Amino acid sequence: MENFWKFISYSIKSTILMFRFEPWRMLLKSLFAFLYGVSWTLQIVLLQTFFDSAQRVSENTENISNCLVILLGMILIYCIGQILQGVDTCYSEILYIKTKKHINLRLFKKIDTMSSLSFEDIDELEKINKAINGGNFAFGASVILIDTIFFYSTYFILTSGYLYTLSPLLSVSVLAIFIPCFISNIIETKGFKNLEETSTPMRRECEYYESCIIDTRETRILGATHYFNQLYFSSLKKLNMLVLKAQLKKNLIRLIVGVITILGYGVILFMLVKLVLKQEITVGAFSAVLASISMVFTFMSDIISERIGWAAETMGTVDNYISFIFEDKKSDSKIYQDTRNIKLQDVSFKYPCSEKEVLKNINLSLTDNKTIAIVGENGSGKSTLAKILLGLYPPTRGQILVNDISMCDIDSRNYSAVFQKFCKYQMTLKENICIADISKNIDYDEVHNICNQIGITLSSDKLVNGLDTFIGREFDGIELSGGQWQRIAIARGIYREYDFIILDEPTSAIDPLEEFNLYNTFSKLCTEKTAIIITHRLGLAKIADAIIVMKEGNIVEMGTHSELISKDGEYKHLFDTQSKWYF
Ligand SMILES: Nc1ncnc2c1ncn2[C@@H]1O[C@H](COP(=O)(O)OP(=O)(O)OP(=O)(O)O)[C@@H](O)[C@H]1O
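Every chain begins its residue count from 1, and numbering advances along the sequence as written. Whole-chain, interface and lining totals are the exception, using all residues; otherwise, since this is a predicted model, local features are given only for residues with pLDDT of at least 70 and side-chain atom pairs are given and counted only at 80 or more. Side-chain figures throughout are based on the complete set of non-hydrogen atoms in the structure, without hydrogens or water.

Chemist: Give a detailed account of the packing of helix H14 (residues 482-495) against helix H15 (residues 512-525), specifying residues and quantitative values.
Modeler: Angles here are taken between N-to-C directions and fall from 0 to 180 degrees, while the axes themselves are lines fitted to C-alpha atoms, restricted in helices to the stretch in contact. A run of H or I in DSSP counts as a helix once it spans at least four residues, and a run of E counts as a strand once it spans at least two, with each numbered from the N terminus. Two elements in contact, H14 and H15, have axes separated by 12 Å at closest approach and are oriented at 10°. When the axis of H14 is compared with that of H15, the two are roughly parallel. On H15, the residues that touch Arg-487, Ile-490 and Ile-494 of H14 are Glu-514, Leu-518, Phe-522 and Leu-525. Under the grouping applied here, Gly and all other residues not named as nonpolar or charged are polar, the nonpolar ones being Ala, Val, Leu, Ile, Met, Phe, Trp, Tyr, Cys and Pro and the charged ones Asp, Glu, Lys and Arg. Its residues assigned to classes, the contact of H14 with H15 comprises five nonpolar, no polar and two charged. What sets the label is the angle itself: under 35 degrees gives roughly parallel, over 145 gives roughly antiparallel, 65 to 115 gives roughly perpendicular, and the rest give oblique. By definition, residues are in contact when any of their heavy atoms lie within 4.5 Å.

Here you go:
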């Protein structure tokens, strides 16, 4: 029963949401549904009037013209009903497109407010995945409620009222046919909610293996397609088994409900015959009810099998969408700050779903206008420290102060960063570079200057339309080399307004000599800023004002290149090991 009320509650919530998105259009849709319901009842009443009149004409107690007028009225109402149905179908399509835009906007807005750490949490990723899936069904769920209230209820209430005038027992019997329908609805809702919960991780697994087979050239070159095929089909089999079980249960319930409904109609038919024989209703009324009974049956099976059945299957997913977008979020009032002076006090950090501390009691003070290099072996925590400094992840313990104000209260507008895994936006070169400030007037002098310095030759044969050249093969633009993409990513990081920037090894595809020049240029471009360079090439770290050496989540050394060399510690060891490769 609890699930039934949840089902009702989410139908209402999604309908309210659609009314908030498109109030007038939804109102019009409801009006169409209501008039369509009225038109069907009118047809039954007119049918009885016609049969009664036809009987009187055959008995020569009434003029044939009366009978023809009623017939014309019936045809007119039928035509109006058909037109209303057509208009309603078309209008629903338009409304679907309009509301879909709002549904996605709400979803993207909500995703945008989530912390970066959420994207490291499998549970949170699943929540997003489920919400996206549920968003596809939110409009359909509201249409079902509107049609149920304004069309089916209007039709059944008016028809029951008409039947009541003929015999109160008739109308009660028609209503009783709804009972098995509601019970099956409760069971189905519960079943499909459970299905959604258990199938989402499997669906994600299937999608992931599919992407490994389709998108990755590496998979093919390594000959791993067969292995991924096996993984994909084994996950798909498990998923299909789950869906199949749920479908079998659903169809069994529907079969039972169908049998009960047919028996119910048998009882109604029996009552009708008895009423005619006792002359409690006219032959016209009998014919009208008999003719309309097939219509009632069609509507009933439509509402049970198609509408409510569909809603029961999808309500679990709609529930995920609605809970996701209405989930309470912390509203933090942030202030804009100069972010050049950053202090980390006893900062430790663990990733969600992991027990291991990847940063341990870090104490660090980054002061004005310095370029700092962070070095250390793989997995020592360099990138994680960068993300903590950018405020992308909150520390598990300790605090970060920016000009003595807690990082939580600082607006992140004045940060910039270029990561190892940067985005390759399939857009124009201009959009790729200016995307952070695209809404403002583009400073073309600044863009040209950055391109020059970073080594992006706008007049080259490849960039035929200069800054307007479309980049990336996705939409038929030109493809660039890995190093060229990396230069664009660096230009993008520098073009954004910032006073604190992090470069997390975005130069792996650039040749070493060019890389050295690039870092020198970068260092010059960010004088008067605080800059952090994360690199494995210790030769490059020399250009920094200070070098931080990390090991197993700790800062083990800090100083200038010559200070650290003379210390004869971890840095010297790493430096000597790398130097051996060159001499
Ligand atoms: N999303 C994640 N979830 C759980 N653990 C993670 C995650 N990302 C990184 N780690 C772990 O955190 C530790 C530090 O990783 P990090 O990427 O910060 O190291 P790094 O020094 O930048 O390494 P590299 O030089 O290879 O880029 C590693 O042990 C890694 O396994």
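Let's pick the thread back up.
Chemist: With reference to specific residues and values, describe the nonpolar core.
Modeler: We define a nonpolar core as any set of buried Ala, Val, Leu, Ile, Met, Phe, Trp, Tyr and Cys residues linked to one another through side-chain atoms lying within 4.5 Å. Only protein chains enter the accessibility calculation, which uses a 1.4 Å probe; a residue is then buried when its area is under 20% of its type maximum, exposed when over 50%, and partly exposed in between. Ranked by size, the top nonpolar core spans 65 residues in total, and within it Met-18, Tyr-162, Leu-166, Leu-170, Tyr-321 and Phe-324 carry the most contacts. Looking at this core, the elements that each hand over two or more residues are helix H1 (2-21), helix H2 (23-58), helix H3 (64-113), helix H4 (122-135), helix H5 (138-166), helix H6 (168-176), helix H9 (225-277) and helix H10 (283-326). It is H10 that provides the largest number of residues to this core, a total of 17 residues. When neighbours within four sequence positions are excluded, Met-18 is seen to be in contact with Met-26, Thr-99, Ile-103, Ala-138, Phe-139 and Ser-142. Core analysis: the second largest hydrophobic core is formed by 34 residues, Val-418, Ile-433, Ile-490 and Tyr-519 among them.

Chemist: Break down the sheet that holds strand E2 (residues 357-366) for me, with residues and values.
Modeler: Two strands form a pair only when DSSP identifies at least two bridges running between them. Spatial strand order, E2-E1-E4-E5: four strands in an open sheet with antiparallel pairing. Every other strand in the sheet has two partners, leaving E2 and strand E5 (405-406) as the edge strands with one partner each. Examined bridge by bridge, strand E4 (residues 397-402) and E5 share two bridges and lie antiparallel to one another. Within E5, the position partnered with Leu-401 by the bridge is Ser-406.

Chemist: So, the domain arrangement of the chain: which residues are in play, and what are the values?
Modeler: These domain limits were set by an automatic method or by a database of domain assignments. Once the domains are mapped, the chain shows domain 1 (2-324) and domain 2 (342-582). Just the C-alpha atoms count here: the centres of domain 1 and domain 2 sit 54 Å apart. Contacts between the two partners involve five residues from domain 1 and, on the opposite side, seven residues from domain 2. Both faces combined, the contact of domain 1 with domain 2 buries some 560 Å², and carbon together with sulfur accounts for 71% of it. When two components associate, each loses some accessible surface as probed by a 1.4 Å sphere; the sum of these losses over both components is called the buried area.

Chemist: Which residues make up unusual backbone geometry, and what are the values?
Modeler: Its identity is not glycine, yet Asn-60 carries a phi of approximately 60°, on the positive side. Within the fold, Asn-60 resides in the loop between H2 and H3. In this model, Asp-476 sits at a positive phi of 70°, which is unusual for a non-glycine residue. Take Asp-476: it is sitting in the loop between helix H13 (444-454) and H14.

Chemist: Account for the sheet that holds strand E6 (residues 415-418), naming residues and giving values.
Modeler: A sheet is described by the order of its strands in space; here six strands give the open sequence E6-E7-E8-E3-E9-E10, paired in mixed fashion. The sheet terminates laterally at E6 and strand E10 (554-559), the two strands that pair on one side only. Adjacent strand axes in the sheet meet at a mean angle of 20° when their direction is disregarded. Of the strand pairs in this sheet, E6 and strand E7 (residues 500-504) are connected by four bridges, and their pairing is parallel. Looking across to E7, one finds that Ala-417 is bridged to Ile-502. Each of strand E3 (371-376), E7 and strand E8 (530-534) touches H15; the most contacted strand, E8, lies at about 160° to it.

Chemist: Residue-level account of H5, with values.
Modeler: In this analysis, the expected span of each helix is defined as 1.5 Å times one less than the number of residues it contains. Taking 1.5 Å per residue as the helical rise, H5 with its 29 residues ought to reach 42 Å, and the 41 Å between its terminal C-alpha atoms agrees with that figure. Given a residue, its bend is the angle between the two axes fitted to the seven residues that end at it and to the seven that start from it. When the local axis directions of H5 are compared, the greatest deviation, roughly 40°, occurs at Thr-148.

Chemist: Go over the state of the cysteines, please, and point to the residues and values.
Modeler: The definition used for a disulfide is geometric: two cysteine sulfur atoms within 2.5 Å. Following the criterion strictly, the structure yields zero disulfides and no others. With no disulfide of its own, Cys-67 has Cys-79 as its nearest cysteine by sulfur position, at a separation of 18 Å. For Cys-67, a relative accessible area of 8% puts it in the buried group. Of all cysteine sulfurs in the structure, the one in Cys-434 sits closest to Cys-451, which takes part in no disulfide; the separation is 8.2 Å.

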